[in-house]
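Here is how the chains run, residue by residue.
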Amino acid sequence: MLRYLSADYVFPASSEPVKDGVVVLNESGEVIDLLDPNQGLTTPGKIEYYQGIIVPGFVNSHCHLELSHLHGKIPQGTGLVTFVKAVISQRTADEEEVLTAMKTNDQLMSDNGIVAVGDISNNHFSKSVKENSRIYYHTFVELLGFDPEKAETVFNKALKLKFDFAPLPASIVPHAPYSVSEKLFGLLREYSESHRNLCSMHNQESRAETDLFMNKSGGFPDFYKMLNLDLNFFKARYQSSIQCILPLFSAKQRTLLVHNTYTSPEDIGVASASGKEITWCFCPNANLYIEGRLPDIDKFLAYDFKITVGTDSLASNDKLCILSELKVLKEYFPELPFSQTIRWATLNGAEFLGIDKRFGSIEKGKTPGLNLIENVGGLELTAHSTIKKLI
Ligand SMILES: [Zn+2]
(Lines give C-alpha, C1' and ligand atoms only; values in the text may rest on other atoms or scores of the structure.)
Protein backbone atom coordinates (compact mmCIF):
# COMPACT_ATOMS: atom_id res chain seq x y z
CA MET A 1 0.00 0.00 0.00
CA LEU A 2 1.31 3.44 -0.88
CA ARG A 3 1.68 6.25 1.68
CA TYR A 4 1.24 9.94 0.87
CA LEU A 5 3.05 12.38 3.17
CA SER A 6 2.79 16.13 2.88
CA ALA A 7 3.95 19.21 4.79
CA ASP A 8 4.12 22.99 4.36
CA TYR A 9 7.26 22.31 2.36
CA VAL A 10 9.00 19.22 1.05
CA PHE A 11 12.69 19.85 0.51
CA PRO A 12 14.17 17.03 -1.61
CA ALA A 13 17.78 18.38 -1.21
CA SER A 14 18.53 17.53 -4.85
CA SER A 15 16.14 20.21 -6.13
CA GLU A 16 14.17 23.24 -4.94
CA PRO A 17 11.65 23.01 -2.06
CA VAL A 18 8.07 22.14 -3.08
CA LYS A 19 5.35 24.08 -1.26
CA ASP A 20 2.66 21.63 -0.04
CA GLY A 21 4.54 18.85 -1.85
CA VAL A 22 3.42 15.24 -1.44
CA VAL A 23 5.93 12.39 -1.13
CA VAL A 24 4.64 9.04 -2.33
CA LEU A 25 6.29 6.02 -0.70
CA ASN A 26 5.84 2.29 -1.04
CA GLU A 27 5.86 -0.16 1.89
CA SER A 28 9.65 -0.39 1.95
CA GLY A 29 10.02 3.38 2.22
CA GLU A 30 11.11 3.78 -1.40
CA VAL A 31 10.19 7.10 -3.00
CA ILE A 32 7.72 6.44 -5.81
CA ASP A 33 7.02 10.07 -6.63
CA LEU A 34 7.12 13.66 -5.41
CA LEU A 35 3.95 15.51 -6.37
CA ASP A 36 3.49 19.27 -6.64
CA PRO A 37 -0.23 20.05 -6.22
CA ASN A 38 0.46 23.69 -7.12
CA GLN A 39 1.43 22.54 -10.59
CA GLY A 40 -1.85 20.72 -11.05
CA LEU A 41 -0.54 17.24 -10.18
CA THR A 42 -3.42 15.19 -8.87
CA THR A 43 -3.04 13.94 -5.33
CA PRO A 44 -5.15 11.22 -3.75
CA GLY A 45 -7.56 11.81 -0.86
CA LYS A 46 -5.63 9.98 1.84
CA ILE A 47 -2.73 12.26 2.63
CA GLU A 48 -0.89 12.54 5.97
CA TYR A 49 -0.42 16.29 6.50
CA TYR A 50 2.23 17.80 8.75
CA GLN A 51 3.19 21.32 9.77
CA GLY A 52 6.81 22.05 8.99
CA ILE A 53 9.37 20.89 6.42
CA ILE A 54 9.91 17.33 5.24
CA VAL A 55 13.59 16.65 4.49
CA PRO A 56 15.59 13.49 3.67
CA GLY A 57 17.17 11.42 6.45
CA PHE A 58 20.36 12.98 7.82
CA VAL A 59 23.90 11.75 7.17
CA ASN A 60 26.25 12.21 10.14
CA SER A 61 29.63 12.20 8.45
CA HIS A 62 31.77 12.27 11.59
CA CYS A 63 31.08 10.35 14.78
CA HIS A 64 32.85 8.06 17.29
CA LEU A 65 30.14 5.71 18.53
CA GLU A 66 32.71 3.85 20.69
CA LEU A 67 33.20 6.96 22.87
CA SER A 68 29.50 7.22 23.81
CA HIS A 69 30.22 6.15 27.42
CA LEU A 70 32.23 9.40 27.88
CA HIS A 71 29.04 11.49 27.75
CA GLY A 72 29.34 14.31 30.32
CA LYS A 73 32.71 13.06 31.64
CA ILE A 74 35.16 15.39 29.86
CA PRO A 75 35.36 19.06 30.98
CA GLN A 76 34.41 21.74 28.43
CA GLY A 77 36.52 24.61 27.10
CA THR A 78 39.94 23.18 28.00
CA GLY A 79 41.41 23.21 24.47
CA LEU A 80 42.29 20.14 22.42
CA VAL A 81 45.51 18.99 24.12
CA THR A 82 43.88 18.78 27.57
CA PHE A 83 40.79 17.23 25.96
CA VAL A 84 42.85 14.48 24.30
CA LYS A 85 44.64 13.76 27.62
CA ALA A 86 41.26 13.44 29.36
CA VAL A 87 39.91 11.08 26.66
CA ILE A 88 43.05 8.89 26.86
CA SER A 89 42.74 8.62 30.65
CA GLN A 90 39.01 7.81 30.62
CA ARG A 91 38.38 5.86 27.41
CA THR A 92 38.96 2.40 28.89
CA ALA A 93 35.87 1.29 30.73
CA ASP A 94 33.89 -1.83 31.46
CA GLU A 95 33.02 -3.53 28.13
CA GLU A 96 29.35 -3.87 29.09
CA GLU A 97 29.12 -0.13 29.91
CA VAL A 98 30.72 0.76 26.56
CA LEU A 99 28.35 -1.56 24.67
CA THR A 100 25.23 -0.30 26.43
CA ALA A 101 26.15 3.35 25.74
CA MET A 102 26.73 2.53 22.06
CA LYS A 103 23.38 0.71 21.71
CA THR A 104 21.48 3.53 23.41
CA ASN A 105 23.05 6.22 21.26
CA ASP A 106 22.72 4.26 18.03
CA GLN A 107 18.98 4.20 18.74
CA LEU A 108 18.97 7.91 19.68
CA MET A 109 20.74 8.81 16.44
CA SER A 110 18.06 6.91 14.53
CA ASP A 111 15.33 8.69 16.55
CA ASN A 112 17.03 11.99 15.64
CA GLY A 113 16.52 11.19 11.96
CA ILE A 114 20.06 10.03 11.15
CA VAL A 115 20.12 7.27 8.52
CA ALA A 116 23.85 6.98 7.78
CA VAL A 117 27.04 7.60 9.76
CA GLY A 118 30.75 7.86 8.99
CA ASP A 119 32.12 6.43 12.24
CA ILE A 120 35.69 6.46 13.55
CA SER A 121 36.76 3.25 15.28
CA ASN A 122 39.90 2.21 17.16
CA ASN A 123 38.59 -1.21 18.19
CA HIS A 124 35.96 -3.75 17.09
CA PHE A 125 33.48 -3.18 19.96
CA SER A 126 31.01 -1.26 17.79
CA LYS A 127 30.70 -4.05 15.19
CA SER A 128 27.78 -5.90 16.80
CA VAL A 129 25.88 -2.62 17.32
CA LYS A 130 26.43 -1.62 13.69
CA GLU A 131 25.38 -5.04 12.39
CA ASN A 132 22.05 -4.82 14.21
CA SER A 133 21.38 -1.13 13.58
CA ARG A 134 18.78 0.54 11.35
CA ILE A 135 21.52 3.01 10.47
CA TYR A 136 24.02 2.50 7.62
CA TYR A 137 27.57 2.77 9.01
CA HIS A 138 30.83 3.27 7.17
CA THR A 139 33.63 2.58 9.65
CA PHE A 140 36.80 4.65 9.47
CA VAL A 141 39.49 2.49 11.11
CA GLU A 142 41.85 5.00 12.64
CA LEU A 143 45.65 5.07 12.43
CA LEU A 144 47.20 6.60 15.52
CA GLY A 145 51.01 6.65 15.69
CA PHE A 146 53.40 9.61 15.65
CA ASP A 147 56.46 7.45 16.33
CA PRO A 148 57.88 6.57 12.86
CA GLU A 149 59.47 3.39 14.24
CA LYS A 150 56.03 1.97 14.99
CA ALA A 151 54.51 2.82 11.58
CA GLU A 152 54.40 -0.78 10.22
CA THR A 153 52.99 -2.22 13.45
CA VAL A 154 50.26 0.45 13.63
CA PHE A 155 49.34 0.00 9.97
CA ASN A 156 49.15 -3.81 10.19
CA LYS A 157 46.95 -3.54 13.29
CA ALA A 158 44.57 -1.22 11.41
CA LEU A 159 44.52 -3.58 8.45
CA LYS A 160 43.49 -6.43 10.75
CA LEU A 161 40.79 -4.28 12.36
CA LYS A 162 39.41 -3.38 8.93
CA PHE A 163 39.09 -7.11 8.18
CA ASP A 164 37.47 -7.67 11.58
CA PHE A 165 34.72 -5.23 10.53
CA ALA A 166 34.01 -7.12 7.28
CA PRO A 167 31.51 -7.43 5.67
CA LEU A 168 30.58 -3.96 6.97
CA PRO A 169 32.00 -1.14 4.84
CA ALA A 170 35.27 0.17 6.27
CA SER A 171 38.42 2.02 5.28
CA ILE A 172 41.72 2.97 6.96
CA VAL A 173 42.21 6.64 7.84
CA PRO A 174 44.77 8.85 9.64
CA HIS A 175 43.71 10.34 12.99
CA ALA A 176 45.29 13.79 12.61
CA PRO A 177 48.44 15.50 11.29
CA TYR A 178 49.90 15.69 14.83
CA SER A 179 49.41 11.98 15.59
CA VAL A 180 50.44 10.18 12.38
CA SER A 181 54.07 10.03 11.25
CA GLU A 182 55.07 10.80 7.67
CA LYS A 183 56.11 7.16 7.36
CA LEU A 184 52.64 6.01 8.41
CA PHE A 185 51.06 8.49 5.96
CA GLY A 186 53.30 6.91 3.31
CA LEU A 187 52.03 3.38 4.08
CA LEU A 188 48.44 4.63 3.88
CA ARG A 189 49.09 6.35 0.58
CA GLU A 190 50.59 3.18 -0.87
CA TYR A 191 47.55 1.20 0.30
CA SER A 192 45.10 3.81 -1.03
CA GLU A 193 46.69 3.71 -4.48
CA SER A 194 45.62 0.10 -4.94
CA HIS A 195 42.50 -0.22 -2.73
CA ARG A 196 39.21 1.66 -2.57
CA ASN A 197 39.86 3.49 0.68
CA LEU A 198 37.64 6.44 1.56
CA CYS A 199 39.70 8.82 3.70
CA SER A 200 38.81 11.05 6.65
CA MET A 201 41.06 13.01 9.04
CA HIS A 202 40.69 15.39 11.99
CA ASN A 203 42.15 18.63 10.67
CA GLN A 204 43.33 21.82 12.39
CA GLU A 205 41.13 21.36 15.42
CA SER A 206 43.46 23.41 17.64
CA ARG A 207 46.02 26.19 17.49
CA ALA A 208 48.47 23.74 19.11
CA GLU A 209 48.46 21.71 15.85
CA THR A 210 49.46 24.80 13.85
CA ASP A 211 52.13 25.71 16.46
CA LEU A 212 53.64 22.21 16.26
CA PHE A 213 54.06 22.33 12.48
CA MET A 214 55.06 26.00 12.23
CA ASN A 215 57.79 26.02 14.88
CA LYS A 216 57.51 22.91 17.08
CA SER A 217 55.86 24.85 19.89
CA GLY A 218 52.41 24.84 21.56
CA GLY A 219 51.00 22.08 23.75
CA PHE A 220 51.96 19.00 21.74
CA PRO A 221 55.73 18.76 22.52
CA ASP A 222 54.89 18.56 26.26
CA PHE A 223 52.04 16.16 25.53
CA TYR A 224 54.41 13.77 23.76
CA LYS A 225 56.96 14.16 26.55
CA MET A 226 54.25 12.98 28.93
CA LEU A 227 53.76 9.95 26.67
CA ASN A 228 57.56 9.34 26.75
CA LEU A 229 57.93 9.92 23.00
CA ASP A 230 61.19 11.62 22.02
CA LEU A 231 60.24 14.18 19.34
CA ASN A 232 63.77 14.51 17.92
CA PHE A 233 62.56 12.99 14.64
CA PHE A 234 60.08 15.85 14.14
CA LYS A 235 61.42 19.14 12.79
CA ALA A 236 59.54 22.45 12.56
CA ARG A 237 58.04 22.78 9.09
CA TYR A 238 57.29 26.54 8.98
CA GLN A 239 54.00 25.70 7.27
CA SER A 240 50.52 24.87 8.56
CA SER A 241 49.78 21.19 9.15
CA ILE A 242 47.41 20.82 6.21
CA GLN A 243 49.92 22.34 3.81
CA CYS A 244 52.50 19.76 4.95
CA ILE A 245 50.16 16.80 4.96
CA LEU A 246 48.10 17.26 1.78
CA PRO A 247 50.89 16.10 -0.56
CA LEU A 248 51.00 12.84 1.43
CA PHE A 249 47.44 11.89 0.45
CA SER A 250 46.64 9.69 -2.53
CA ALA A 251 44.93 11.61 -5.34
CA LYS A 252 42.84 8.51 -5.99
CA GLN A 253 40.73 8.81 -2.82
CA ARG A 254 38.14 11.27 -1.62
CA THR A 255 39.20 12.84 1.67
CA LEU A 256 36.99 14.31 4.40
CA LEU A 257 38.77 16.96 6.47
CA VAL A 258 36.97 17.26 9.80
CA HIS A 259 36.69 20.33 12.10
CA ASN A 260 38.96 22.85 10.29
CA THR A 261 38.60 25.23 13.22
CA TYR A 262 41.93 26.92 12.57
CA THR A 263 42.07 26.52 8.77
CA SER A 264 43.15 29.83 7.22
CA PRO A 265 42.04 31.32 3.89
CA GLU A 266 45.53 30.49 2.59
CA ASP A 267 45.10 26.83 3.64
CA ILE A 268 41.76 26.68 1.85
CA GLY A 269 43.37 28.08 -1.30
CA VAL A 270 46.20 25.52 -1.09
CA ALA A 271 43.65 22.71 -0.64
CA SER A 272 41.72 23.95 -3.65
CA ALA A 273 44.85 24.01 -5.82
CA SER A 274 46.08 20.60 -4.57
CA GLY A 275 44.13 18.54 -7.11
CA LYS A 276 42.92 16.31 -4.25
CA GLU A 277 39.19 15.60 -3.92
CA ILE A 278 38.49 17.28 -0.59
CA THR A 279 35.23 17.57 1.33
CA TRP A 280 35.11 19.68 4.50
CA CYS A 281 33.13 18.45 7.50
CA PHE A 282 32.00 20.80 10.27
CA CYS A 283 31.09 19.67 13.79
CA PRO A 284 30.15 23.01 15.40
CA ASN A 285 28.93 21.73 18.79
CA ALA A 286 32.19 19.82 19.35
CA ASN A 287 34.27 22.87 18.39
CA LEU A 288 32.41 25.01 20.91
CA TYR A 289 32.73 22.25 23.54
CA ILE A 290 36.51 21.80 23.16
CA GLU A 291 37.97 25.05 21.85
CA GLY A 292 35.10 27.52 22.39
CA ARG A 293 35.27 28.74 18.79
CA LEU A 294 34.02 27.85 15.32
CA PRO A 295 35.74 27.62 11.92
CA ASP A 296 35.50 30.60 9.56
CA ILE A 297 32.85 28.80 7.58
CA ASP A 298 32.12 31.75 5.31
CA LYS A 299 35.74 31.60 4.02
CA PHE A 300 35.14 28.08 2.63
CA LEU A 301 32.13 29.21 0.62
CA ALA A 302 34.19 31.19 -1.89
CA TYR A 303 35.31 27.85 -3.36
CA ASP A 304 33.42 25.06 -5.04
CA PHE A 305 33.96 22.59 -2.18
CA LYS A 306 31.46 20.06 -0.89
CA ILE A 307 30.68 20.50 2.81
CA THR A 308 29.18 17.98 5.25
CA VAL A 309 28.12 18.00 8.91
CA GLY A 310 29.06 15.71 11.80
CA THR A 311 28.33 15.39 15.50
CA ASP A 312 31.74 14.11 16.64
CA SER A 313 31.46 11.97 19.80
CA LEU A 314 29.61 12.30 23.10
CA ALA A 315 33.00 13.07 24.69
CA SER A 316 32.55 16.55 23.17
CA ASN A 317 28.82 16.87 22.52
CA ASP A 318 25.59 16.68 24.51
CA LYS A 319 23.79 14.67 21.85
CA LEU A 320 24.31 12.99 18.49
CA CYS A 321 21.81 15.10 16.58
CA ILE A 322 22.39 16.70 13.19
CA LEU A 323 19.52 19.19 13.62
CA SER A 324 21.26 20.46 16.75
CA GLU A 325 24.42 21.10 14.62
CA LEU A 326 22.35 22.93 11.99
CA LYS A 327 20.80 25.14 14.68
CA VAL A 328 24.26 26.18 15.89
CA LEU A 329 25.25 27.00 12.29
CA LYS A 330 22.05 29.06 11.97
CA GLU A 331 22.81 30.90 15.22
CA TYR A 332 26.41 31.82 14.36
CA PHE A 333 26.07 32.16 10.58
CA PRO A 334 22.51 33.47 10.09
CA GLU A 335 23.22 34.32 6.46
CA LEU A 336 23.64 30.62 5.55
CA PRO A 337 20.40 29.58 3.84
CA PHE A 338 18.52 26.54 5.12
CA SER A 339 18.56 24.99 1.64
CA GLN A 340 22.38 25.02 1.73
CA THR A 341 22.96 23.59 5.21
CA ILE A 342 20.31 20.89 4.69
CA ARG A 343 22.20 19.77 1.60
CA TRP A 344 25.40 19.56 3.72
CA ALA A 345 23.53 17.38 6.23
CA THR A 346 21.98 15.02 3.67
CA LEU A 347 23.02 14.75 0.03
CA ASN A 348 26.66 15.86 0.43
CA GLY A 349 27.28 13.34 3.22
CA ALA A 350 25.65 10.57 1.17
CA GLU A 351 27.76 11.47 -1.87
CA PHE A 352 30.93 11.47 0.21
CA LEU A 353 30.17 8.03 1.63
CA GLY A 354 29.21 6.78 -1.86
CA ILE A 355 25.66 5.88 -0.82
CA ASP A 356 23.74 8.57 -2.72
CA LYS A 357 21.94 6.01 -4.88
CA ARG A 358 20.04 5.08 -1.75
CA PHE A 359 20.27 8.05 0.66
CA GLY A 360 20.60 11.82 0.73
CA SER A 361 17.65 13.14 -1.28
CA ILE A 362 13.94 12.62 -1.89
CA GLU A 363 14.12 11.21 -5.41
CA LYS A 364 12.39 8.34 -7.18
CA GLY A 365 13.96 4.97 -6.42
CA LYS A 366 15.79 6.07 -3.23
CA THR A 367 14.97 5.01 0.34
CA PRO A 368 16.35 8.14 2.04
CA GLY A 369 14.24 8.11 5.23
CA LEU A 370 12.05 11.14 5.89
CA ASN A 371 12.33 13.71 8.68
CA LEU A 372 9.87 16.40 9.65
CA ILE A 373 11.39 19.61 11.00
CA GLU A 374 8.77 21.35 13.15
CA ASN A 375 8.63 24.85 14.63
CA VAL A 376 10.18 26.51 11.61
CA GLY A 377 9.77 30.03 10.25
CA GLY A 378 8.70 29.37 6.66
CA LEU A 379 11.75 27.77 5.09
CA GLU A 380 14.19 28.61 7.91
CA LEU A 381 15.15 26.97 11.19
CA THR A 382 14.38 28.72 14.46
CA ALA A 383 15.93 28.27 17.90
CA HIS A 384 12.87 26.12 18.73
CA SER A 385 12.98 23.80 15.70
CA THR A 386 12.64 20.12 16.52
CA ILE A 387 13.00 16.90 14.57
CA LYS A 388 10.50 14.08 14.13
CA LYS A 389 11.51 10.95 12.24
CA LEU A 390 8.64 10.06 9.90
CA ILE A 391 10.17 7.06 8.12
ZN1 LIG B 1 36.36 13.23 15.96
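No experiment lies behind these values; they were computed from the predicted model shown.

Student: Hey, could you run me through the environment of Ile-53 in this one?
Tutor: Along the polypeptide, Ile-53 turns up in strand β5 (residues 48-56). For the pair Ile-53 and Glu-266, spaced 213 residues apart in the sequence, the C-alpha separation amounts to 38 Å. Apart from the residues lying within four places of it in its own chain, the contact partners of Ile-53 are Tyr-9, Phe-11, Phe-338, Asn-371, Leu-372, Ile-373, Val-376, Gly-378 and Leu-379.

Student: Where do I start with the environment of Asn-38 in this structure?
Tutor: Position of Asn-38 relative to the elements: it lies in the loop between β4 (31-35) and β5. Placed 18 residues apart in sequence, Asn-38 and Asp-20 show a C-alpha to C-alpha distance of 7.7 Å. Beyond its immediate stretch of four places on either side in the chain, Asn-38 contacts Lys-19 and Asp-20.

Student: What exactly am I supposed to notice about the nonpolar core here?
Tutor: One broad rule of soluble globular proteins: the nonpolar side chains tend to lie buried together. Among the nonpolar cores identified, the biggest contains 91 residues, and Phe-58, Met-109, Phe-220, Trp-280, Leu-326 and Ile-373 are the most heavily contacted of them. Domain assignment of the residues forming this core places at least three in each of domain 1 (1-57 + 360-391) and domain 2 (58-359). Setting aside residues up to four positions removed in sequence, Trp-280 forms contacts with Asn-203, Leu-256, Leu-257, Asn-260, Thr-263, Ile-268, Ala-271, Phe-300, Phe-305, Lys-306, Ile-307 and Thr-308. Formed by 18 residues, the second largest nonpolar core is a distinct cluster that contains Ala-116, Ile-120, Leu-198 and Ile-355.

Student: I tried to follow the pairing of strand β3 (residues 22-25) on my own but got confused; where do I start?
Tutor: Residues of β3 alternate between two faces, with Val-22 and Val-24 on one and Val-23 and Leu-25 on the opposite face, all of them buried. By the bridge criterion, four bridges tie strand β1 (residues 3-10) to β3 in an arrangement that is antiparallel. For Tyr-4, the partnering residue across the bridge sits in β3 and is Val-24. Examined bridge by bridge, β3 and β4 share four bridges and lie antiparallel to one another. If you follow Leu-25 over to β4, its bridge partner there is Val-31.

Student: Looking at this structure, how should I read the sheet that holds strand β10 (residues 199-203)?
Tutor: For sheets, the rule is that strands pair by backbone hydrogen bonds, running either parallel or antiparallel. What the four strands build is an open sheet, ordered β10-β11-β12-β13; its pairing is parallel. Here the strands that pair on one side only, and so sit at the sheet edges, are β10 and β13 (306-309). Taking the axes of each pair of neighbouring strands and ignoring which way they run, one obtains an average angle of 30 degrees across the sheet. Pairing geometry for β10 and strand β11 (residues 255-259), over five bridges, is parallel. Residue pairing across strands places His-202 opposite Val-258, the latter belonging to β11.

Student: Just to check I follow, could you spell out the packing of helix α12 (residues 322-332) against helix α13 (residues 338-345) for this structure?
Tutor: Working note: a packed helix pair is described by the angle between its axes plus the distance between those axes. α13 packs onto α12 with a crossing angle of 145 degrees between their chain directions and a minimal axis gap of 11 Å. Judged by the twist between their axes, the crossing of α12 over α13 is right-handed. Residues Ile-322, Leu-326 and Leu-329 of α12 lie in contact with α13, whose contacting residues are Thr-341, Ile-342, Trp-344 and Ala-345. When grouped by side-chain class, the residues that make up the contact of α12 with α13 number six nonpolar, one polar and no charged.

What counts and what doesn't
- Residues numbered from 1 in each chain as written.
- Predicted model: local features only at pLDDT ≥ 70, side-chain atom pairs only at ≥ 80, totals over all residues.
- Heavy atoms only, no water.
- Helix = DSSP H or I, 4+ residues; strand = E, 2+ residues; numbered from the N terminus.
- Contact = heavy atoms within 4.5 Å.
- Core = buried A, V, L, I, M, F, W, Y, C linked by side-chain atoms within 4.5 Å.
- Buried < 20%, exposed > 50% of the residue type's maximum accessible area, 1.4 Å probe, protein only.
- Domains from an automatic or database assignment.
- Pairing = 2+ DSSP bridges.
- Axes fitted to C-alpha atoms, helices over the stretch in contact; angles between N-to-C directions.
- Left-handed = near helix turned anticlockwise from the far one by under 90°.
- Nonpolar A, V, L, I, M, F, W, Y, C, P; charged D, E, K, R; others polar.

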